[in-house]
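Tertiary structure, described
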Amino acid sequence: MIEALRQGRWATRDRLVPAGFMALAGYVIVLGYLYIYPGILTAPGGTAVVSDFLSFWVAAREAVGGAPATPYRTEDFAALQAAYIGAGHYFAFFYPPTFLLMLLPLGLLGGVAAYWIFQLAAALAAGWACSRIMRHWHGFLLAAALPTSFNTYFYGQNSLLAAAFLGAGLVMLAEKRHILAGVFIGLMTFKPQLGVLIPFALIAGGYWRTFLAAAVTTVLLAALSWYVFGTGTWEAFFAQAGFAQKTLNLGLVDLHKMISVYAAARQVGAPIQLAYGLQALTAFAALVTVWLSWRSRAPFAAKAIVLVAAGLLATPFALSYDLALLAVALAFLLRFGQTESLPSWSATLALVVVLMAAGTRIAGEVGFPFLGPILLTITIWIGWRCAIETKDSETVRA
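Below is a summary of the structure that appears in this document. Because the structure is a prediction, the values reported are computed rather than measured.

Reading guide: rules and limits
Residues numbered from 1 in each chain as written. Predicted model: local features only at pLDDT ≥ 70, side-chain atom pairs only at ≥ 80, totals over all residues. Heavy atoms only, no water. Helix = DSSP H or I, 4+ residues; strand = E, 2+ residues; numbered from the N terminus. Rg over C-alpha atoms; globule rule 2.2 N^0.38 Å. Buried < 20%, exposed > 50% of the residue type's maximum accessible area, 1.4 Å probe, protein only. Areas by Shrake-Rupley, 256 points an atom, 1.4 Å probe, with all protein chains shown as cover. Lys, Arg positive; Asp, Glu negative; His and termini not counted. Charge placed at Lys NZ, Arg CZ, Asp CG, Glu CD. Contact = heavy atoms within 4.5 Å. Phe/Tyr/Trp six-rings, centres within 6.5 Å; stacked < 30°, edge-to-face > 60°. Salt bridge = Lys/Arg side-chain N within 4 Å of Asp/Glu carboxyl O.

Comments concerning the overall build of the protein
Along its length, the protein carries 21 helices and zero strands. Taking 398 residues into account, the globule formula puts the C-alpha radius of gyration at 21 Å, and the protein, at 21 Å, falls close to it. Taken along the three principal axes of its C-alpha coordinates, the protein extends 65 × 45 × 45 Å. Evaluated residue by residue, the protein yields a buried proportion of 53% over its 398 residues. Counting every atom, the protein has about 17,000 Å² of accessible surface; 68% of that belongs to carbon and sulfur. Here the protein holds 23 positive side-chain charges and 15 negative ones, and the gap between their average locations is 9 Å.

Considerations on the side chain of Asn151
Looking at the element boundaries, Asn151 is found in helix α8 (residues 147–155). Given a relative accessible area of 11%, Asn151 falls into the buried group. Excluding anything up to four places from it in sequence, Asn151 contacts Ser320, Tyr321 and Arg361.

A few points about the packing of aromatic side chains
Remark: the centre distance and the inter-plane angle together describe each pair of aromatic rings, the angle taken between the planes. In this structure the tally under the stated criterion is 32 aromatic pairs. Taking 5.9 Å as the distance between ring centres and 75° as the angle between the ring planes, the aromatic pair formed by Phe53 and Phe56 counts as edge-to-face. Highlighted residues: Phe53 and Phe56, both in helix α3 (residues 53–64), separated by three residues, approximately one helical turn. Given a relative accessible area of 1%, Phe56 falls into the buried group. Ring centres of Tyr95 and Phe99 lie 4.8 Å apart, and the angle between their planes is 50°; this geometry places the pair in the tilted category.

Quick notes on the pattern of salt bridges
One pass over the structure, following the stated rule, counts three salt bridges. The shortest N-O distance in the salt bridge between Arg132 and Glu175 comes to 3.0 Å. Taken together, the residues Arg132 in helix α6 (residues 111–134) and Glu175 in the loop between α9 (159–174) and α10 (178–187) connect sequence positions 43 residues apart. Take Glu175: its relative accessible area is 28%, and that puts it in the partly exposed class.

A look at unusual backbone geometry
We note that Arg135 has phi near 60°; this positive angle belongs to a residue other than glycine. Note that Arg135 resides in the loop between α6 and α7 (138–145). Positioned with a positive phi, Lys176 is a non-glycine residue whose angle comes to about 65°. For Lys176, a relative accessible area of 65% corresponds to the exposed category.

Keep in mind these numbers describe shape, not what the thing actually does.
Next comes the structure, spelled out in structure tokens:
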């Protein structure tokens, strides 16, 4: 099976497709059990999903009800959630009002229905992007059935939506639809920490139209959210920035759920200054790698793999469910294999990355907090080797 993948053939679909459907069916059964029958992850009476998604839904309800600034007022937002999860615990909403605008329709639905519709729509969008990358419908299965996707479903998070926008932007760029690529990249700014290296990649590659389109889309989306929600909402968002930084510094978000070098360093006892210093060095190395790869004449798929993994490695605030973006990197690896022979062991390493990503949620708890940075470094190396070996083969042919 690995050899067939290495040669870029689809001959393994008789094994991979049933395995993917089995995984997806398993996810549905587990989620159905957790969210519907016993109410383990639902509020009493099944009125809402008690996970990160609760903050999305309550924020959308407040926006629909005419109070869009409430999600950025900690005490008020916590009080609203207490009706579902009790006092003493709440889910923060650190996203810009542009994401609140995207969530607005969910405020018209019940909590559980909103969860299922949001996750289904995000999975289908990510699947479309991966299918467009792979030029095969298997992209839907790849996006939906990876263990990292289940982590996103479990937490009710939005990482598959980010993967959809990122994947769509990159594949449009590969197809030389530069303006549309910029639009999708601009939409991804609802989760800006995951796209910090994208502007550098676009500049390095000379994709100025895409860069401009992304900037214009970002501004227009912000302007639309300002028009809909008003100035007060944006003021409340910026006022919350200090609390967001405090959340990271004090570990109010469990460090073992995170995949960054910063979080790993903190877990092994490093002081905040040292942890941030190590993260800064890591981010700089990731930036240099992206810059060099996107300045080169490497195949676009190889550049995309490097960018996806390096972007996740560069930010201090990335969690295990954000590894859902690896679906985009894997889709580009399979696209690369359709026209080029994959480097030795690349497919094996890709499988290792998937298995490692499945364990990031508990890695910190069992004493291995650097699992996330390691698997992202391996993914960057896969993309880099694809670029280097293709260049070497072109030199030989010449």
